[in-house]
Amino acid sequence: LRIMAGKVKWVTDIEKSVLINNFEKRGWIQVAENEDWNFYWMSVQTIRNVFSVETGYRLSDDQIVNHFPNHYELTRKDLMVKNIKRYRKELEKEGSPLAEKDENGKYIYLDFVPVTFMLPADYNLFVEEFRKNPSSTWIMKPCGKAQGKGIFLINKLSQIKKWSRDSKTSSFVTQSSKEAYVISLYINNPLLIGGKKFDLRLYVLVSTYRPLRCYMYKLGFCRFCTVKYTPSTSELDNMFVHLTNVAIQKHGDDYNHIHGGKWTVSNLRLYLESTRGKEVTNKLFDEIHWIIVQSLKAVAPVMNNDKHCFECYGYDIIIDDKLKPWLIEVNASPSLTSSTANDRILKYNLINDTLNIAVPNGEIPDCKWNKSPPKEVLGNYEVLYDEEMAQSDGPDRDLRSRSGQSSGVKGNRARDSGKPVLTTWK
Amino acid sequence: VSLHKPEIKLESLKEDIRDFLKTSGWEKKLQNAVYSELNVFPSPCHPAAPPEHMKEPLAYMRKAQGSWEKRILKSLNSMCTELGIPLAQKRPANEQKELLNKWNEMGTDEPDLSLFRPVYAPKDFLEVLMNLRNPNYENGEQPSFRNHLGLIQVPLKVKDIPELKENFSELGLNIGQLGIDDSAQVPPEFFENEHVRVGQKVLAEQDSAAAQQYVRQGCPTALRADLWALILNISNQPEDILYYEQLKSNVIQHDLLVDSLIYKDVKLTASNDDYYFVFEDYLYQVLLCFSRDTSVLEHFSYSSATPPKSYIRGKLGMEEYAVFYPPNGVIPFHGFSMYVAPLCFLYHEPSKLYQIFREMYVRFFFRLHSISSHPSGIVSLCLLFETLLQTHLPQLFYHLREIGAQPLRISFKWMVRAFSGYLATDQLLLLWDRILGYNSLEILAVLAAAVFAFRAVNLMEVTSLAAAEAVLADLSTLKVMPLLQIFLFATVT
């Protein structure tokens, strides 16, 4: 068994072929959870147990897991908003130009999350905001669920009376976090293509939060709604129109199993460049990169930067008809199910490139390594932001990179060199 | 700006009008319009030649096209009779209202199309072309290497590689191209930046002829929509928008049998395409209007085809009761909607999208499904493809022929569709740039041959038609410009 000594031992509790095929092709050896393992691709339930105080799990230097212990600071809808709000206030307090506001009191550079409140906690604040714009539509999302479950739209206060009633009762008991909701202003002017609404799914790999080092997967995709988008109120209940989650779209009548209602990001770019021009398209993609990096910076201070951890997030972004991107949510466990053949290939390659970065050379890991992979192993990832490198170029790099290169079709060249993306942040 | 001024003198009227035309931009518009006519209409032929010579000079081709049309019409009429559906009928008022409401989302409609079949598919058309013979030509010998070994057996003149090199000289190795010299490894200062700058200047000058020359080296993505519109002389004036709206109301009022064929085609092709499914609804909006556009009938004066005629019920044979069917004279076939689909990446305004498509059809696409001797006609393209292959890859050609995989059987569908649905969209657009730039479809045949050349090693190993098809099933990763450049300019012959 000395032959096996050098091979990575893996465990997973997610039975998906795109994962298992990748482990097997590296010659890694499958073991059980209670055995000695080097690599565990775990579901979010398991990570909770691994790092919980009760189990007292201690990971050794040659063990790596695919989640950060408190990833929910980013991936729970209410905590993400809370952290971003806190981050903005901190920047404002230190007088950072990033926190600059316009004449309406809106952040110029950091307004990328739709107005959001927690329910029932912020119910009164929400009502105040709602009344400013009584014809607006809001989207209610349960904090703890994924895949579009439990989401619904409202445009009348009466539709969420339940949360107000509960918060007013004197015998009010803090609801378990599972039943908390966030309510966000619904983007009712999404960019439509072919008359259809879509959202963007982008994959972002974080290898360390402090210093922040993150990579963006070049092959993201757009998910189109199978039914025509209309902002009319009678359609509020038709979830096929409003939600772009594939899990929901899959059950609509028009779901197509060849393309799965998905477009590559390069199709999106081609379409936007052809119909809107290169400058505004580059600006849009720059802004998308910007909001991803800012969201990570916002949670970096509170993240448990455990060196045994890396994480691949699924970012959901919606673009409105003024070509402004909005961050909707971040998923800790992006779906590894494949809805089409193309999908399977994409996810297989995603895991492959992720493993190449997180587990260098496919060998037994040492969590103390510097987490700086050579650029040849990046595959379809490109460096999104490398704090260490940014700092070595000067403390106020963020501000100076105003006139950076555009991240057009050839923006990859700058990134391939390992330098952070020089985006044209306005 | 006007000439209605007291300073204008009778003596200098001629010069004043000339200056006025220049400064108002009308001179340019007139030039563009004339240039457009020159591109579209054939040169005048002998004054004694009858009109059918303008359509097609060779009698046997005319005859073959006529027979083919009869077959198509018969097929359409029998489907009509079988299903008991009239070719055309007026829509009841409530249906009209419903359709108007659903105009932007006809894709969500699920009519029962199971009984409809496409009137024909490209492979049916290929069978007809294979049987074309020139009755005046008898070569009396068995097929051999000194003859043509392909499926097309008519003696049309096609260009050889030296002629193609001259014709497509702007694709040469030492000339910058989009699709090659704008790749990530090449610094934009070498070619791309300057090319974009020139493109912007061409657009500012609004010069069709200059634009046509320019796009031979490819269009920058941000300028393509405007450049194509300039070359095709489409300006989307209010009267054009009104005309489109008129067509739309024709669609609302009358239901045509071909509408179901269009629906079926879109559902079978574009709706399943990774790139084009998003634009399904636009395709209906364009194609349904197209069927009713009688201005399309004008192109039959220079096409070998003749629009099918139908008669009002009970008045068969009576010319006063004859109408063209469909109104635009074009019966769609399987894959027809793919001519429109790529354009949706460029134009999101329905009436402009419509006009661009219509112009592309009457300039280029009609030649891909009618029998003629024109150098850009499908017969010539097939012959060009086979000749290039037989001349420059004889071993491959012979091998494929031996295993029952005549190359044209595989490449025919690519050329009939102008490669739409086979190439990645950005590559397809680079290809269509050159179709516009050279005002010719010959590049389709050259690309088809280049694809075979590229995959020659794998093709030499296959032993059946099915295996050959498999090697060539997926063209979505191909980069067209390097393939064309290598085939034309860098292959040792």
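Conventions adopted
- Residues numbered from 1 in each chain as written.
- Chains lettered and ligands numbered in written order.
- Predicted model: local features only at pLDDT ≥ 70, side-chain atom pairs only at ≥ 80, totals over all residues.
- Heavy atoms only, no water.
- Helix = DSSP H or I, 4+ residues; strand = E, 2+ residues; numbered from the N terminus.
- Buried < 20%, exposed > 50% of the residue type's maximum accessible area, 1.4 Å probe, protein only.
- Contact = heavy atoms within 4.5 Å.
- Areas by Shrake-Rupley, 256 points an atom, 1.4 Å probe, with all protein chains shown as cover.
- Pairing = 2+ DSSP bridges.
- Axes fitted to C-alpha atoms, helices over the stretch in contact; angles between N-to-C directions.
- Buried area = accessible area lost by both parts, 1.4 Å probe.
- Salt bridge = Lys/Arg side-chain N within 4 Å of Asp/Glu carboxyl O.
- Nonpolar A, V, L, I, M, F, W, Y, C, P; charged D, E, K, R; others polar.
- Core = buried A, V, L, I, M, F, W, Y, C linked by side-chain atoms within 4.5 Å.
- Phe/Tyr/Trp six-rings, centres within 6.5 Å; stacked < 30°, edge-to-face > 60°.
- Lys NZ or Arg CZ within 6 Å of the ring centre and 35° of its normal.
- Patch = residues over 30% accessible without salt bridge, like charges linked within 9 Å, V, L, I, M, F, W, Y side chains within 5 Å.
- Polar contact = N/O pair within 3.5 Å; in protein donor to acceptor, adjacent residues only side chain to side chain.
- Parallel < 35°, antiparallel > 145°, perpendicular 65-115°, else oblique.
- Left-handed = near helix turned anticlockwise from the far one by under 90°.
- pLDDT = per-residue confidence, 0-100.
- Arc of directions from axis to C-beta.

I'd like a description of the overall build of chain A, backed by residues and values.
Regarding its fold elements, chain A presents 15 helices and 16 strands. Sorting the 426 residues of chain A into buried and exposed places 57% on the buried side. Restricting the contact set of chain A to residue pairs at least 6 apart, pairs at least 24 apart contribute 70%. Working note: accessible area of chain A is about 18900 Å², and carbon and sulfur atoms make up 51% of it.

Report on the sheet that holds strand β5 (residues 116-119) of chain A, specifying residues and quantitative values.
Residue and element names in this part refer to chain A. With antiparallel pairing, four strands are arranged side by side in an open sheet as β5-β8-β6-β7. Edge strands, defined here as strands with exactly one partner in the open sheet, are β5 and β7 (152-154). Sheet twist, expressed as the average angle between the axes of neighbouring strands with direction ignored, equals 30°. Relative to strand β8 (residues 181-185), strand β6 (residues 138-142) runs antiparallel, the two sharing five bridges. Bridge pairing in β8 places Pro142 opposite Tyr181. Across the sheet, helix α5 (residues 77-93) lies against β5, β6 and β8, angled at about 130° from β5, the strand it touches most. Sitting on the sheet, helix α6 (residues 123-132) touches β5, β6, β7 and β8, and the angle it makes with β5 is about 140°.

Please set out the interface of chain B and chain A residue by residue, giving values where relevant.
Every contact between the two is made by 32 residues of chain B and, on the other side, 25 residues of chain A. Taking both sides of the interface into account, the surface hidden between chain B and chain A amounts to around 2400 Å²; carbon and sulfur atoms contribute 56%. Sorting the residues of chain B by area buried against chain A places B:Phe277, B:Val278 and B:Phe345 first, and these three jointly supply 25% of that buried surface. At the junction of chain B with chain A, the criterion picks out one salt bridge. Between A:Lys196 and B:Asp281 there is a salt bridge whose closest N-O contact spans 3.6 Å. Counting only elements with at least two residues in the side of chain B that touches chain A, the list comes to α10 (221-231), α13 (280-291) and α18 (425-438) of chain B. Taken together, the residues of the side of chain B that touches chain A break down into 16 nonpolar, eight polar and eight charged.

Go over the nonpolar core, please, and point to the residues and values.
Counting residues in each nonpolar core, the largest one holds 233 residues, and the members touching the most others are A:Tyr209, A:Leu296 and B:Phe357. Contacts of A:Tyr209, omitting those with residues within four sequence positions, involve A:Phe68, A:Leu74, A:Leu296, A:Val299, A:Ala300, A:Met303, A:Asn305, A:Tyr313 and A:Glu387. Counting residues in each nonpolar core, the second largest holds 29 residues, with A:Val8, A:Trp28, A:Leu346 and A:Leu350 among its members.

Outline the pairing of strand β15 (residues 325-331) of chain A, supporting the account with residue identities and numerical values.
Residue and element names in this part refer to chain A. The buried count for β15 comes to six of seven residues, which makes it a mostly enclosed element. Sheet topology places strand β14 (residues 311-319) next to β15; six bridges connect them, and they run antiparallel. Within β15, the residue paired with Tyr315 across the bridge is Val330. Hairpin connection between β14 and β15: a loop of five residues separates the two successive antiparallel strands, and Leu323 in this loop has a positive phi of roughly 60°.

I'd love a proper account of the pairing of strand β16 (residues 381-386) of chain A, names of residues and values included.
All names here are of chain A. Extensive coverage of β16 is indicated by the burial of six of its six residues. Bridging between strand β11 (residues 212-217) and β16 involves five bridges; their strand directions are antiparallel. From the neighbouring strand, Tyr217 faces β16, where its bridge partner is Tyr381.

Any chance you could break down the packing of aromatic side chains for me, citing the residues and the numbers?
Pairs of aromatic rings are described using the distance from one ring centre to the other and the angle between the two planes. Using the criterion set out here, one finds 55 aromatic pairs over all chains in the structure. Both rings, one in A:Tyr203 and one in A:Tyr217, keep their centres 6.5 Å apart while their planes meet at 80°; by these two values the pair is edge-to-face. Of this pair, A:Tyr203 sits in strand β10 (residues 196-209) while A:Tyr217 sits in strand β11, and the two are 14 residues apart along the sequence. Taking relative accessible area as the criterion, A:Tyr203 reaches 1% and is therefore assigned buried. Pairing A:Tyr271 with B:Phe279 gives two aromatic rings, centres 5.8 Å apart and planes at 35°, and the pair type is tilted. Taken together, the residues A:Tyr271 in helix α10 (residues 265-276) and B:Phe279 in the loop between α12 (257-268) and α13 connect one chain to another. Judged by its relative accessible area of 5%, A:Tyr271 falls in the buried class. Given a relative accessible area of 0%, B:Phe279 falls into the buried group. Taken together, the ring pairs in this structure connect B:Trp68, B:Tyr120, B:Phe125, B:Phe290, B:Phe333, B:Phe336, B:Tyr339, B:Phe357, B:Tyr361, B:Phe365, B:Phe412 and B:Trp432 into an aromatic cluster. Sitting over the ring of A:Trp326, A:Lys324 keeps its end group 4.6 Å from the ring centre. Stacked on the ring of B:Trp26, the Lys or Arg B:Lys29 has its end atom at 4.5 Å from the ring centre.

An account of the sheet that holds strand β4 (residues 64-65) of chain A is needed here, citing residue identities and associated values.
Residues and elements named next belong to chain A. Taken in spatial order, the four strands line up as β2-β1-β3-β4 in an open sheet, and their pairing is parallel. Both outer strands of the open sheet, β2 (29-30) and β4, are each paired with one neighbouring strand and no more. When strand β1 (residues 9-12) meets strand β3 (residues 39-41), the two strands line up parallel, connected through three bridges. When the sheet's bridge partners are listed, Trp10 is paired in β3 with Phe39. Along the sheet face, helix α2 (residues 17-25) touches β1 and β3 and points at about 175° away from the line of β1.

Explain a nonpolar patch on the surface to me, and be specific about the residues and the numbers.
Residue and element names in this part refer to chain B. A cluster of nonpolar residues, Leu10, Leu13 and Ile17, forms a patch on the protein surface that exposes about 270 Å² of accessible area. Here Ile17 is to be found in helix α1 (residues 13-24). For Ile17, a relative accessible area of 35% gives the class partly exposed.

Quick one: what's the story with the environment of A:His71, residue by residue and with numbers?
All names here are of chain A. As for its position among the elements, His71 is in the loop between β4 and α4 (72-75). Linking His71 and Asn331, residues 260 residues apart in sequence, is a C-alpha distance of 9.4 Å. Residues in contact with His71, not counting those within four places in the same chain, are Val44, Ile47, Met303, Glu311, Tyr313 and Ala332. There is a polar contact of 2.8 Å between the side chain of His71 and the side chain of Thr75.

How would you summarise the packing of α2(A) against helix α12 (residues 341-358) of chain A if you had to cite specific residues and measurements?
Residue and element names in this part refer to chain A. The geometry of α2 relative to α12 is characterised by a closest axis approach of 9 Å and an angle of 45° between their N-to-C directions. Of the possible angle classes, the one that applies to α2 and α12 is oblique. Pair α2 / α12 crosses with right-handed handedness. Only Arg344, Lys347, Tyr348, Ile351, Asn352 and Leu355 of α12 make contact with α2, whose side of the interface consists of Val18, Leu19, Asn21, Asn22, Phe23 and Lys25. Residue classes in the contact of α2 with α12 are distributed as six nonpolar, three polar and three charged.

I'd like a rundown of the pattern of salt bridges, residues and numbers included.
Residue and element names in this part refer to chain A. For the structure shown, the criterion picks out 35 salt bridges over all chains. In this structure, Glu388 engages Arg213 in a salt bridge whose closest nitrogen and oxygen atoms are separated by 2.6 Å. A residue pair is termed long-range when its members are at least 10 positions apart, and Glu388 in helix α13 (residues 387-392) and Arg213 in strand β11 qualify at 175 residues. Looking at Glu388, the relative accessible area reads 45%, which means it is partly exposed.

Outline the confidence of the model for chain A, listing residues and values.
Low-pLDDT stretches of the model should not have their predicted coordinates read in fine detail. Per-residue confidence for chain A gives a mean pLDDT of 81, with 78% of residues at or over 70. With pLDDT under 50 throughout, residues 167-178 of chain A is counted as low confidence; its partners more than four residues away or in other chains account for nine contacts.

So what's going on with helix α16 (residues 394-402) of chain B? Residues and values would help.
Residue and element names in this part refer to chain B. Within α16, burial applies to Leu396, Phe397, His399 and Leu400. For α16, the angular spread of the buried residues around the axis is 165°, confining them to a single face. Those residues of α16 that are exposed and aimed more than 90 degrees away from the buried face are Gln395 and Glu402. The elements touched by buried residues of α16 are α15 (378-392), α17 (407-416), α19 (442-454), α20 (456-460) and α21 (465-471). Of the residues one or two after α16, Gly404 is the one with positive phi, at around 75°.

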